[in-house]
Structures are given as C-alpha cells and as structure tokens.
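Chain by chain, the residues run as shown.
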Amino acid sequence: MSQLEALIFDVDGTLSETERDGHLVAFNLAFKEADLDWNWSVTLYGQLLAVTGGKERIRYYLSDFYSDERGEAFAEPEDFAAFVADLHAAKTRFYTQLVADAAVPLRTGVVRLIQEARDAGLRMAIATTTTPANVTALLTHTLGAESIDWFEVIAAGDIVPAKKPAADIFLYAIEKMNLKAEQCLAFEDSENGLLSSNGAGLKTVVTINDYTSDHDFTGAVLVLSDLGEPDQPMTVLQGHCDEPYFNLQSARKILQD
Ligand code: XBP
Ligand code: MG
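Given the structure is predicted, the values throughout are model-derived calculations rather than measurements.

**Remarks on the overall build of the protein**
Thought 1: Secondary structure summary: the protein contains 10 helices and 7 strands in total.
Thought 2: Its C-alpha atoms give the protein a radius of gyration of 18 Å, near enough to 18 Å, the size a compact globule of 257 residues would have.
Thought 3: A principal-axis box enclosing the C-alpha atoms of the protein has dimensions of 55 × 35 × 35 Å.
Thought 4: Counting over 257 residues, the protein shows a buried share of 52%.

Written out as structure tokens, the structure reads:
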C-alpha cells in the first residue's frame, strides 16, 4: 500500500483522440507534399498502430504493407534514413499546425482530472512515444502555454532508445521524478502502452477508444470508456470503481489496494 504522489499520462489516445484526427491526417498531408501517392485509410492506420513512433510506423508500412498493396517492393532512396526523417519532420509540421487550428480536443474528463490534481498539489508527468513538439503543441492549444509547466517531466519520443511496449519511457519519467512505481498511477489507452506502464511496475487505468477497444488489457487495474464527468458518467469495462466519474478519490483508492 502506498500514498499517491503522481499521475503519469500517455498522450495519444489518452489525453486526446490524436491518432485518427491528428497523426493520420498529418501523415497523409506529408505524403502528398512529398509527391508520394500513398494515402493511409483509417482502417490501415489501425493496423499500422501496432508499431509505435511515426518514423518506425513509416518503415513498418514500407516493409509489411507496401508490396501487398502494389505488387512490388518500395524502391528505397539511397539515403533511406534521411528520406524517412524528412517525411516525418513534414508530418510533425502538419500535425502541430492541425493541433494549433484546434482540430484535436482533449477527451472527456481530462481537464477536470488534471485540475483536481493541481488543486491537490499532486505531481504530474507525461510518458509518450510521440515527438516532444507534438506534446507542446497539444498542451498549449488545449490547456494554454502555461500548462507545460504543470508537468514535472515530459518524457517523449526518441529520449529513450526503445519505444513502447518497452518500459523505458515510464521508467525514465519515474526516475526523473525520483519516485517509486508504487507511488504513481499511469493512464493509457492501448495494449502497447499498458505493456510499457506495467513493465515499469505501474498500476494503470485504461481509457479505451475506437482503435483500442479490442486490445488485451489484462494487466490494467481499471478499463473505462473515458474518465467521465459528473453529468456524463463513464462506463466501467474491467475492474471496479465506486464513483460515476474517475477522480482523485478513485486514484488514491487504487494505490491503497
Ligand atoms: C503514440 C504513437 C505515436 C504517434 C506518432 O503511442 O504511436 O507514434 O502515433 O507520433 P503512445 P510521432 O500513445 O502509446 O505513446 O510521429 O511523433 O512519432
Ligand atoms: Mg496512446
């Protein structure tokens, strides 16, 4: 049994539905700008999400999907790493612009829970696979520029060598906060994310979305439709929660069990 000291949030799919409405749109805009005739559908993107990280996802598409679609392998340019990096940089540019245009709102209950945590003086961190610029853009354009400082650690992207499902990014965040896993609660939306947080020894609350509703969430303490609001109760899909919406009382109880 431990006292709750910190909340650690995943970003994509957890704070916001960024994958379909943000990342996918940005990837396709980057492909178009580079004169590539690739256009990822919502369904194909669901399959590509098996691999985390945008650069890794482009490589995965080319190695595992491209030739099935076209009947021939992709002719890799000489400097393939630079090709992928340039494409990904363009995608980041489009993504941050989309977020700045307010096309990607936060999920139900997220603002309320973050505000509750701030009022209670609880520490907060972010552990995500996405590029740091994307996190900054999302926080700035949904919660305001000052919200960056609400998170003691923003662990993101290539800061660790192995992305989720490896535990590295959560371990990094915990270590930087000088806390133990049993003092923190993680929030995730996907199986890869849960494997990562559980791998770091963190109890984890999962809020599902369209892309992750059929994932295996065996290691989660709680699986919810979303975090809910007082006038918009959440649905509990796995585990038990007394409150109609997820709040700090629910979070503290999880760590005491
Ligand atoms: C998020 C991701 C990211 C984004 C793309 O995973 O998989 O790769 O889709 O981000 P998680 P970049 O929510 O588990 O952290 O293109 O910036 O890499
Ligand atoms: Mg996620």
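**Describing the coordination of the magnesium ion (ligand 2)**
For a metal with four donors in a tetrahedral arrangement, the ideal angle between donors is 109.5 degrees, while six donors in an octahedron ideally sit at 90 or 180 degrees.
Thought 1: Within the protein, the magnesium ion (ligand 2) binds to Asp10 (OD), Asp12 (O) and Asp189 (OD); these donor distances fall in the range 2.1 to 2.2 Å.
Thought 2: Each donor residue of the magnesium ion (ligand 2) belongs to the same chain, with the gaps between them written as D-x1-D-x176-D. Placement of the pair is Asp10 in the loop between strand 1 (6-9) and helix 1 (18-33) and Asp189 in the loop between strand 4 (184-188) and helix 9 (191-199), with a sequence separation of 179 residues.

**As for the site of ligand 1**
Thought 1: As a structural note, the neighbourhood of ligand 1 is formed by 17 residues, with Gly54, Arg57, His88, Lys91 and Thr131 the closest of them.
Thought 2: Between ligand 1 and the protein, one listed contact pairs an oxygen atom with a side-chain N or O atom of Arg57 at 2.5 Å.
Thought 3: When ligand 1 is considered free in solution it has 450 Å² of accessible area, and contact with the protein chains removes 97% of it.
Thought 4: When contributions to the shell around ligand 1 are tallied by element, the ones reaching two or more residues are helix 1, helix 3 (54-64) and helix 5 (80-100).
Thought 5: Among the domains, domain 1 (6-17 + 106-256) and domain 2 (19-100) are the pair contributing at least three residues each to the shell around ligand 1.

**What about the pairing of strand 5 (residues 203-207)?**
Here is the key point about a regular strand: its side chains alternate between the two faces of the sheet.
Thought 1: Of all 5 residues in strand 5, 4 are buried, a share of seventy percent or more.
Thought 2: As judged from the 4 bridges shared by strand 4 and strand 5, these two strands associate in the parallel manner. Paired with Leu185 across the two strands is Lys203, which belongs to strand 5.
Thought 3: As a crossover connection, the stretch from strand 4 through helix 9 into strand 5 is right-handed.
Thought 4: With 3 bridges connecting them, strand 5 and strand 6 (residues 222-224) associate as parallel partners.

**Quick look at the state of the cysteines**
Thought 1: Applying the stated rule across the entire model yields 0 disulfides.
Thought 2: Counting only cysteine sulfurs, Cys241 is the nearest neighbor of Cys184, a cysteine outside any disulfide, at a range of 19 Å.
Thought 3: Cys184 sits in the buried class, given a relative accessible area of 1%.

**Here we look at the pattern of salt bridges**
Thought 1: For the coordinates displayed, the defined rule picks out 17 salt bridges.
Thought 2: With a closest N to O distance of 3.9 Å, Arg57 and Glu19 form a salt bridge. With Arg57 in helix 3 and Glu19 in helix 1, this pair connects stretches of sequence that are 38 residues apart. The residues Arg57 and Glu19 share a single accessibility class, namely buried.
Thought 3: Glu188 is the salt-bridge partner of Lys164, the closest N and O atoms lying 2.8 Å from each other. Residue Lys164 is found in the loop between strand 3 (153-156) and helix 8 (168-177), and its partner Glu188 is found in strand 4; the two are separated by 24 residues along the sequence. Glu188 shares its class with Lys164; the two are buried.

**What to know about the packing of helix 5 against helix 7 (residues 132-143)**
Thought 1: Direction vectors running N to C along helix 5 and helix 7 enclose 10 degrees, while the axes themselves pass 9 Å from each other. It follows that helix 5 is roughly parallel to helix 7 by the angle criterion. Listed contacts from helix 7 to Lys91, Thr92, Tyr95, Thr96, Val99 and Ala100 of helix 5 are Ala133, Asn134, Ala137, Leu138 and His141.

**So, the environment of Asp119**
Thought 1: With respect to the secondary-structure elements, Asp119 resides in helix 6 (residues 110-119).
Thought 2: Separated by 56 residues in sequence, Asp119 and Glu175 have C-alpha atoms that sit 24 Å apart.

Parameters at a glance
Residues numbered from 1 in each chain as written. Chains lettered and ligands numbered in written order. Predicted model: local features only at pLDDT ≥ 70, side-chain atom pairs only at ≥ 80, totals over all residues. Heavy atoms only, no water. Helix = DSSP H or I, 4+ residues; strand = E, 2+ residues; numbered from the N terminus. Rg over C-alpha atoms; globule rule 2.2 N^0.38 Å. Buried < 20%, exposed > 50% of the residue type's maximum accessible area, 1.4 Å probe, protein only. Donors = N, O, S within 2.8 Å, 3.2 Å for Na, K, Ca; no water. Near = heavy atom within 4 Å. Polar contact = N/O pair within 3.5 Å; in protein donor to acceptor, adjacent residues only side chain to side chain. Areas by Shrake-Rupley, 256 points an atom, 1.4 Å probe, with all protein chains shown as cover. Domains from an automatic or database assignment. Pairing = 2+ DSSP bridges. Right-handed = clockwise from strand over helix to strand, strands pointing away. Disulfide = S-S within 2.5 Å. Salt bridge = Lys/Arg side-chain N within 4 Å of Asp/Glu carboxyl O. Axes fitted to C-alpha atoms, helices over the stretch in contact; angles between N-to-C directions. Parallel < 35°, antiparallel > 145°, perpendicular 65-115°, else oblique. Contact = heavy atoms within 4.5 Å.

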